[in-house]
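Next come the chains, spelled out residue by residue.
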Amino acid sequence: MIVGNRKDFGEILEKLGPARRVLVLGCNECVTVCGAGGEREVGVLASELRLCWKKEGETFDVKEHTLERQCDYEYIDQIRGFVNDYDVILSMACGAGVQYVAETYKTKLVLPAVNTTFLGVTIEQGVWSERCQGCGACILDMTAGVCPIARCAKSLLNGPCGGSSGGKCEIDNELDCAWQLIVDRLKEAGRMDRYEEILPVKDWRTGRDGGPRRRVREDMRL
Amino acid sequence: MKTNSGIERILAGGGFVVTSECGPPRGADAEVIRRKGELLRGVVDGVNVTDNQTSVVRMSSLSACVILKGMGLEPILQMVCRDRNRIALQSDILGAAALGINNVLCLSGDHQKFGDHPQGKNVYDMDSVQLIQVVCRMRDEGRFLGGEEVKGRPVMFVGAAENPFADPFEIRALRLGKKVKAGCEFIQTQCIYNIERFSRWMEMVCERGLHERCAVLAGVTPFKSAGMANYMKKNVPGMDVPEEMIARMKGVPKERQAEEGIRICVETIQRVREIPGVRGIHVMAIEWEEKVAEIVKAAGLLPRPETRVGGH
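Keep in mind the model is a prediction, meaning the values are calculated, not measured. (Residues numbered from 1 in each chain as written. Chains lettered and ligands numbered in written order. Predicted model: local features only at pLDDT ≥ 70, side-chain atom pairs only at ≥ 80, totals over all residues.)

## Digging into the overall build of chain B
- A count of helices and strands for chain B gives twelve helices and eight strands.
- On the principal axes, the C-alpha backbone points of chain B span a range of 60 × 45 × 45 Å.
- In chain B, buried positions account for 53% of the 312 residues.
- Partitioning the intrachain contacts of chain B with sequence separation of at least 6 by distance along the chain shows that 79% fall at a separation of at least 24. (Helix = DSSP H or I, 4+ residues; strand = E, 2+ residues; numbered from the N terminus. Buried ≥ 20, exposed ≤ 12 C-beta atoms within 10 Å, placed from the backbone. Contact = placed C-beta atoms within 7 Å.)

Listed below in structure tokens is the structure:
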């Protein structure tokens, strides 16, 4: 899933400026699972705004609404009936959702309330961890199911750097060294011969370096 | 002999190599390099010039190499993959060769988190193993990574670094094996304090016959003080400083600790020289270049052989 963090209240308030008619728009997908921008977080943020402005004696209208998804037009279209009652849409979706809402309502000011961080997994309640950088050419078959591009701080393809210590990465002793994990798994599988193969320089064209990506499936088009 | 490298020449003749390093200044003052170079003249066979080490902005490695070269020293250009993509790396290799630099050391580079610009974006378009391959291919096959022909091949002696003290230990010799397979001709190790562990690593290197295809230069760094020893043990990732070393440093009064650090360093050189497969020593006296001559002399490694064609 896509993992995000809600922005600090102070930053959100600053971005809102003088706007007091605000539609706080949540998303029921990834940001709900990671507790950054689902219905619950929409409620919390809306309450914070109301409390703040009430204390300052301001007039305001804060509406809470959560869509099934903000990355599909059919859901975004559902707010068309009341979107014009608000100065600002404060989107709590990932960056993709924020942009698609903005593309849909071209004259509306759409602000992000969440920092989108990574593609990852839930480690335990309240803990998420990065797993994929969407490079577009998966090599997990070569690296025992652990991605060094996403999980090695230097994205090294041919083994750990000189800073791997006690299974941890040199940049953060809470962070597992991806290459320690790869080597452990290769050993368990009796496939250390894999480690001795030199992985070639990667072709990054399938990743973001090849320019913004677009995918067309002719067989699925209507 | 593939290249004009003085280091390759000594190794080819079966000699024992001594290298050291020179960290460029955090400014444009060429005098700093000249001063450091002067301290190393006649003392070592090659001088590594670090490439923005610990991710702190410094004068470029290539520029400092050219200054040292102009003084008649033999620079070893360190190149890290952190700051340059494949286009810039290959371009700098061509430039270095054109300026008469005969040696390159291919490194991944420290993460920018440790430097003075932790906000920066890193590159890591390729890693050190792949960089070795790329340089060797440019030199030996006359081809760029992209496949086009190199017109005027960069004739450089290709090296890399290895850390026998990082984890997982059991793959550290295999990792050197990958570098050798990629074409690496000499290796400089991380600073050795745990000689026992270094010996075990060398055994693994020799078992695989890697020492015959790649010259291993054993890295040493003198402690300036007990505080430095402690700092390295606790704060430098991948550094293995045994407790007895710290105790030995702490065991002498502060004003004599530098002397003791040098004594430990010299003893280390003498011990690692005896380990089968070790072809040289790499002295990393961090911002303490003035002590290199003393260390090399005390270790019985002076005078250095004449390597330049025609002499100097």
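On we go from here.
## Considering the pairing of strand β6 (residues 114-124) of chain A
Residue and element names in this part refer to chain A.
- The pairing of strand β1 (residues 2-6) with β6 spans five bridges and is antiparallel. Pairing of Asn5 across the sheet is with Asn115, part of β6.
- Pairing analysis gives five bridges linking β6 to strand β7 (residues 127-132), with the strands arranged antiparallel. Paired with Leu119 across the two strands is Cys132, which belongs to β7. (Pairing = 2+ DSSP bridges.)

## Description of the interface of chain B and chain A
- Each partner contributes to the interface: chain B provides 26 residues, whereas chain A provides 23 residues.
- Taken together, the elements giving at least two residues each to the side of chain B that touches chain A come down to α5 (128-141) and α6 (172-182) of chain B.
- Along the lines of polarity and charge, the residues of the side of chain B that touches chain A split into eleven nonpolar, eight polar and seven charged. (Nonpolar A, V, L, I, M, F, W, Y, C, P; charged D, E, K, R; others polar.)

## Section: the domain arrangement of chain A
- As far as domains go, chain A holds domain 1 (2-118) and domain 2 (137-200).
- Each of domain 1 of chain A and domain 2 of chain A has a C-alpha centre, and the two are 39 Å apart. (Domains from an automatic or database assignment.)

## Let's talk about the sheet that holds strand β6 (residues 186-191) of chain B
Residue and element names in this part refer to chain B.
- The eight strands are arranged β1-β2-β3-β4-β5-β6-β7-β8 in a closed barrel whose pairing can be described as parallel. Strand-to-strand twist in this sheet, taken as the mean axis angle between neighbours without regard to direction, amounts to 30°.
- Across the sheet, helix α11 (residues 257-273) touches β7 (215-220) and β8 (278-283), and the angle it forms with β7 is around 160°. (Axes fitted to C-alpha atoms, helices over the stretch in contact; angles between N-to-C directions.)

## Quick word on the nonpolar core
- One finds Leu77, Val104, Cys106 and Val135 of chain B to be the most contacted residues of the largest nonpolar core, which totals 90 residues.
- Those residues within four positions of Leu77 of chain B in sequence are excluded, and the remaining contacts are Val49, Ser61, Leu62, Cys65, Ala96, Ile101, Asn103, Val104 and Leu105 of chain B.
- Val3, Val24, Val101 and Trp128 of chain A belong to the second largest nonpolar core, which has 31 residues in total. (Core = buried A, V, L, I, M, F, W, Y, C linked by C-beta atoms within 7 Å.)

## Remarks on the sheet that holds β7 of chain A
Residue and element names in this part refer to chain A.
- With antiparallel pairing, the three strands of this open sheet are ordered in space as β1-β6-β7. Taken across any chain shown, the strands that pair with only one partner, and hence form the sheet edges, are β1 and β7. With direction set aside, neighbouring strand axes in the sheet form an average angle of 70°.

## A few points about unusual backbone geometry
- Residue Pro168 of chain B is bonded to the preceding Asp167 of chain B through a cis peptide linkage, with omega at -15°.
- Within the element layout of this structure, Pro168 of chain B appears in the loop between β5 (157-162) and α6.
- Geometrically, the link from Leu302 of chain B to Pro303 of chain B is a cis peptide bond, its omega value of -5° lying close to zero.
- By the secondary structure assignment, Pro303 of chain B is in the segment after α12 (292-298).
- One non-glycine residue with positive phi stands out, namely Ser155 of chain A, at about 50°.
- Inspection of the secondary structure puts Ser155 of chain A in the loop between α6 (148-151) and β8 (168-169).
- Its identity is not glycine, yet Tyr124 of chain B carries a phi of approximately 45°, on the positive side.
- In this fold, Tyr124 of chain B is placed in the loop between β4 (103-107) and α5.

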